[in-house]
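# Observations on chain architecture
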Amino acid sequence: MSTWANLGLQDSASPLMEQLIFFHDHALLILVMITVLVGYLMFMLFFNSYINRFLLHGQLIEMIWTILPAIILLFIALPSLRLLYLLDEINEPSVTLKSIGHQWYWSYEYSDFNNIEFDSYMIPTNELAIDGFRLLDVDNRVVLPMNSQIRILVTAADVIHSWTIPALGVKVDGTPGRLNQTNFFINRPGLFYGQCSEICGANHSFMPIVIESVPVNYFIKWIS
Ligand code: CUA
């Protein structure tokens, strides 16, 4: 989870988030190079000695500085498309979890295992344990096996919500009357915190998500 000094992205806990971080760094590097170049050119204009007063046109240089930015944009667009399709790929999931957004809590259904269903509410500050995280911990966590492909189905019962876990690179809107799908693979054990990220009403900030990633045999024990 994010703590007070963490202004960047969280450490990834899934291969997809790892790819998202790589793409972020790649795009940022291109952005920095363009900013530095344009900044340098603008600064140098202050020292222009007007030696090219009679210059009216330059076909070649205009051709170059029209086409070059388009080529640079391709270096962002192609990896971006690759990631987009990678995020959408469903790879034989071994667990399917359905999460339903409500005002203002999440409810979960493990429909492949004896139809387990439960609600997950935020723990209010006055009931928080001494080691609990304020506004982030819930009464019933989502337990999921690590090192397995997991499919998440997201929907909502009242207004639009969004099931978002930064460390896993997951952000899917829950829309009433629709069923959205995403998938991920958690590659380490631990707790992963998330929040609703679609403005859904007065208590939008108070419907967090906690995923408890455990080894597969623990998960089977928990589910049975
Ligand atoms: Cu649910 Cu914001």
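Within every chain, residues take consecutive numbers counted from 1 along the sequence as written. Thresholds applied to this predicted model are a pLDDT of at least 70 for local features of residues and 80 or more for the giving and counting of side-chain atom pairs; totals over whole chains, interfaces and linings are not thresholded and use all residues. In computing side-chain values, all of the structure's heavy atoms are included and hydrogens and water are not.

Helix and strand assignments come from DSSP, with helices taken as H or I runs of at least 4 residues and strands as E runs of at least 2, each series counted from the N terminus. Of regular secondary structure, the chain possesses three helices and 10 strands. Its helices and strands taken in sequence order, the chain reads α-α-β-β-β-β-β-β-β-β-β-β-α from the N to the C terminus. Taking 224 residues into account, the globule formula puts the C-alpha radius of gyration at 17 Å, and the chain, at 24 Å, lies well above it. Dimensions along the principal axes, computed over C-alpha positions, put the chain at roughly 85 × 40 × 35 Å. Expressed as a percentage of the 224 residues in the chain, the buried residues total 31%. Computed with a 1.4 Å probe, the accessible areas rest on the Shrake-Rupley method; for each residue, only the protein chains presented here act as cover. When the accessible surface of the chain is split by element, carbon and sulfur atoms take 63% of a total near 14,400 Å². Computing the positive centroid from 10 side-chain charges and the negative centroid from 19, the chain places the two 6 Å apart. We compute the radius of gyration from the C-alpha atoms alone; for a globule the expected value is 2.2 Å times N to the 0.38, where N is the number of residues. Partly exposed residues are those whose accessible area sits between 20% and 50% of the maximum for their type, while under 20% is buried and over 50% is exposed, using a 1.4 Å probe and protein chains only. Charge counting follows a simple rule: Lys and Arg are positive, Asp and Glu are negative, and His as well as the terminal groups are ignored. Each charge is placed at NZ for Lys, CZ for Arg, CG for Asp and CD for Glu.

Side chains of strand β7 (residues 170–174) alternate between two faces, with Val-170, Val-172 and Gly-174 buried and Lys-171 and Asp-173 left unburied. Strand pairing follows a simple DSSP-based rule, namely that at least 2 bridges must link the two strands. Sheet topology places strand β6 (residues 161–165) next to β7; five bridges connect them, and they run antiparallel. Residue pairing in the sheet places Ile-165 in a bridge with Val-170 of β7. Linkage of β6 to β7, two consecutive antiparallel strands, is achieved through a turn of four residues, within which Gly-169 is found at a positive phi near 70 degrees.

Pairing in this open sheet of five strands is mixed, and the strands run β4-β10-β9-β6-β7 from one edge to the other. Of all the strands in the sheet, just β4 (142–145) and β7 have a single pairing partner and so form its edges. Pairwise comparison of adjacent strand axes, ignoring direction, gives a mean angle of 25 degrees for this sheet. Along the sheet, helix α3 (residues 216–223) makes contact with β4 and β10 (209–214), crossing β4 at roughly 135 degrees. Axis definition: a line fitted to C-alpha atoms, over the contacting stretch in the case of helices. Angles run 0 to 180 degrees between N-to-C directions. Contact between two residues is taken to exist if any of their heavy atoms lie within 4.5 Å; hydrogens are not considered.

The subject of this paragraph is the side chain of Ser-213. You can see Ser-213 is positioned in strand β10. Side-chain atoms alone can form a polar contact between residues adjacent in sequence; in general such a contact is a pair of N or O atoms within 3.5 Å, and within protein one must be able to donate a hydrogen while the other accepts it. Among the polar contacts listed, one links the side chain of Ser-213 to the backbone oxygen of Arg-188, at a separation of 2.9 Å. Aside from chain neighbours lying at most four places away, what touches Ser-213 is Leu-144, Met-146, Ile-186, Arg-188, Pro-189, Gly-190 and Phe-192.

What follows concerns the UniProt feature "domain: Cytochrome oxidase subunit II transmembrane region profile" (unreviewed entry) in the chain. UniProt positions are given in the numbering used here, feature names are shortened, and annotations may be inferred rather than shown by experiment. The feature "domain: Cytochrome oxidase subunit II transmembrane region profile" (unreviewed entry), as given by UniProt, occupies residues 1–91 in the numbering adopted here. With 66% helix and 0% strand, residues 1–91 has end C-alpha atoms that lie 26 Å from one another.

Moving on, we come to the packing of aromatic side chains. Side-chain rings of Phe, Tyr and Trp (the six-membered ring for Trp) are treated as a pair once their centres are within 6.5 Å; stacked means planes under 30 degrees apart, edge-to-face means over 60, and tilted covers the remaining angles. For the structure on display, the rule yields 11 aromatic pairs. Between Phe-118 and Trp-222 the ring centres are 6.4 Å apart and the planes differ by 90 degrees, which places this aromatic pair in the edge-to-face class. Placement of Phe-118 in strand β3 (residues 116–120) and of Trp-222 in helix α3 is noted, with a sequence separation of 104 residues between them. Each member of the aromatic cluster is reached from another via a ring pair, and the members are Tyr-108, Tyr-110, Phe-113, Phe-118, Phe-219 and Trp-222. The ring of Tyr-218 carries the charged tip of Lys-221 above its face, separated from the ring centre by 5.8 Å. We call a charge positioned over a ring when the NZ of a Lys or the CZ of an Arg lies within 6 Å of the ring centre and within 35 degrees of the ring normal.

This next bit is on the side chain of His-102. As for its placement among the helices and strands, His-102 is situated in strand β1 (residues 95–102). Those residues within four positions of His-102 in sequence are excluded, and the remaining contacts are Ser-107, Ala-157, Asp-158, His-161 and Met-207.

One way to put it is that helix α1 (residues 15–44) packs onto helix α2 (residues 59–88) with a least axis distance of 11 Å and a crossing angle of 170 degrees. Here α1 lies roughly antiparallel to α2, going by the angle between them. Viewed along their axes, α1 and α2 form a crossing whose handedness is left-handed. Facing Leu-16, Gln-19, Leu-20, Phe-23, His-26, Ile-30 and Ile-34 of α1, the residues of α2 in contact are Ile-72, Phe-75, Ile-76, Pro-79, Ser-80, Arg-82, Leu-83, Leu-86 and Leu-87. When the residues that make up the contact of α1 with α2 are grouped by side-chain class, the tally is 12 nonpolar, three polar and one charged. For classification, angles of less than 35 degrees are called roughly parallel, those exceeding 145 degrees roughly antiparallel, those between 65 and 115 degrees roughly perpendicular, and all remaining angles oblique. The sense of a crossing depends on the near helix, which, turned anticlockwise from the far helix by less than a right angle, makes the crossing left-handed and, turned clockwise, makes it right-handed. Polarity classes work like this: nonpolar for Ala, Val, Leu, Ile, Met, Phe, Trp, Tyr, Cys and Pro, charged for Asp, Glu, Lys and Arg, and polar for all others, with Gly in that last group.

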